[in-house]
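Structural overview for review
Below, each chain spelled out in residue letters.
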Amino acid sequence: MARIPHDYHMHTALSYDSQATMAAQCEAAIALGLREICITEHADWEPLDESVGFYQPDAYFAELAACRERYGDRLTLRAGVEIGELHRFGGEAAQLLDAYPYDFVIGSLHWVTDRLTLEPVYFEGWDAQAAYAAYFAEMLEVVRAGGFDVIGHIDVPKRAGFSVHGGYASDDYAEPLRAVLRAAIEGGIGIEINTGTARRPVGEPSPDLPVLRWYRELGGEIITVGSDAHRPEHVGYRFDYARELLDAAGFTAVACFAERQPVFVDL
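The structure contained in this document is the topic of the report that follows. (Residues numbered from 1 in each chain as written. Predicted model: local features only at pLDDT ≥ 70, side-chain atom pairs only at ≥ 80, totals over all residues. Heavy atoms only, no water.)

1. A look at the nonpolar core
Counting 83 residues, the largest nonpolar core has Ile37, Tyr60, Val81, Ile83, Tyr102, Val143 and Ile151 as its most contacted members. Take this core: its biggest share by element is 9 residues, from helix α4 (residues 128-145). If we skip the residues at most four places from it in the chain, Val81 touches Ile39, Thr40, Glu41, Ala43, Tyr55, Leu96, Leu97, Tyr102, Phe104, Val105 and Ile106. (Core = buried A, V, L, I, M, F, W, Y, C linked by side-chain atoms within 4.5 Å. Buried < 20%, exposed > 50% of the residue type's maximum accessible area, 1.4 Å probe, protein only. Helix = DSSP H or I, 4+ residues; strand = E, 2+ residues; numbered from the N terminus. Contact = heavy atoms within 4.5 Å.)

2. Here's the deal with the packing of aromatic side chains
One pass over the structure, following the stated rule, counts 18 aromatic pairs. Relative to Tyr100, the ring of Phe61 lies with its centre 5.4 Å away and its plane at 10°, an arrangement referred to as stacked. On the criterion of sequence distance, the pair formed by Phe61 in helix α2 (residues 57-71) and Tyr100 in the loop between α3 (90-99) and β4 (104-108) is long-range, its members being 39 residues apart. Between the aromatic rings of Tyr132 and Tyr173, the centroid separation amounts to 4.8 Å while the plane-to-plane angle is 45°, which identifies the pairing as tilted. Taken together, the positions of Tyr132 in helix α4 and Tyr173 in the loop between α5 (158-165) and α6 (174-186) put the pair 41 residues apart, joining distant regions of the chain. In terms of burial, Tyr132 and Tyr173 fall into one category: buried. The cationic tip of Arg115 hangs over the ring face of Trp126; the distance from NZ or CZ to the ring centre is 4.0 Å. (Phe/Tyr/Trp six-rings, centres within 6.5 Å; stacked < 30°, edge-to-face > 60°. Lys NZ or Arg CZ within 6 Å of the ring centre and 35° of its normal.)

3. Observations regarding unusual backbone geometry
Pro207 follows Ser206 through a cis peptide bond whose omega is -5°. Mapped onto the fold, Pro207 is located in the loop between β8 (190-194) and α7 (209-217). Here Glu85, not a glycine, exhibits a phi torsion of approximately 55°, which is positive. In this structure, Glu85 sits in the loop between β3 (76-84) and α3. A positive phi angle, near 55°, is found at Asp228, a position not held by glycine. Here Asp228 shows up in the loop between β9 (223-226) and α8 (239-249).

As structure tokens, this is what we get:
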């Protein structure tokens, strides 16, 4: 089985929630035999988020240039960013993306109203159906607003919700998930397999096999794979698992990006 050649969701100390240097992430990728990575730091404008104001794009592009100079003969480094709540901060996001030469943009939803989807507190006062329904309804708004390339960790509340509610089954949310996937395909937006979710108690990536099959059945083609690594030891995490899911769902290629355009690489 051929390896997945790219890691397209990674963070460094230029994101508020990582201590890793960009050089360390590059060296970890090279050690794994990866050919290309995209460092996708957090850019957020939600006032409740701890990351607001932390990301400095000038510092990011300076560090990226230094790593390209140091590692460019062994590793292709793409410029990326993970933007939260694009449907509410489209103006701020557009200014950032117009000002800097990004290759790839992840659109993520971390906040639903004043609830952080990454924490068990998100589920307080809601049963599972209500909590996930609210998330997928707002994710549909994110996708319809557009302005990004790939949906980040499409079912991310299951990271915390699995422990709160004793399980998670994507089939329980097939209708809202399919609505999000249809809107993404119509808007030319892809999805990622985020293997970082498999590091949590839920034990599987975002998304799982049924969602990948729905995406392909609906006509989806653009799919990236990312570890969501905030530490060097998590770079390329469980890419063997991701490859199994891609094969089972019928995908024969993964996407990388250059200048915001997908480039398909056969598996």
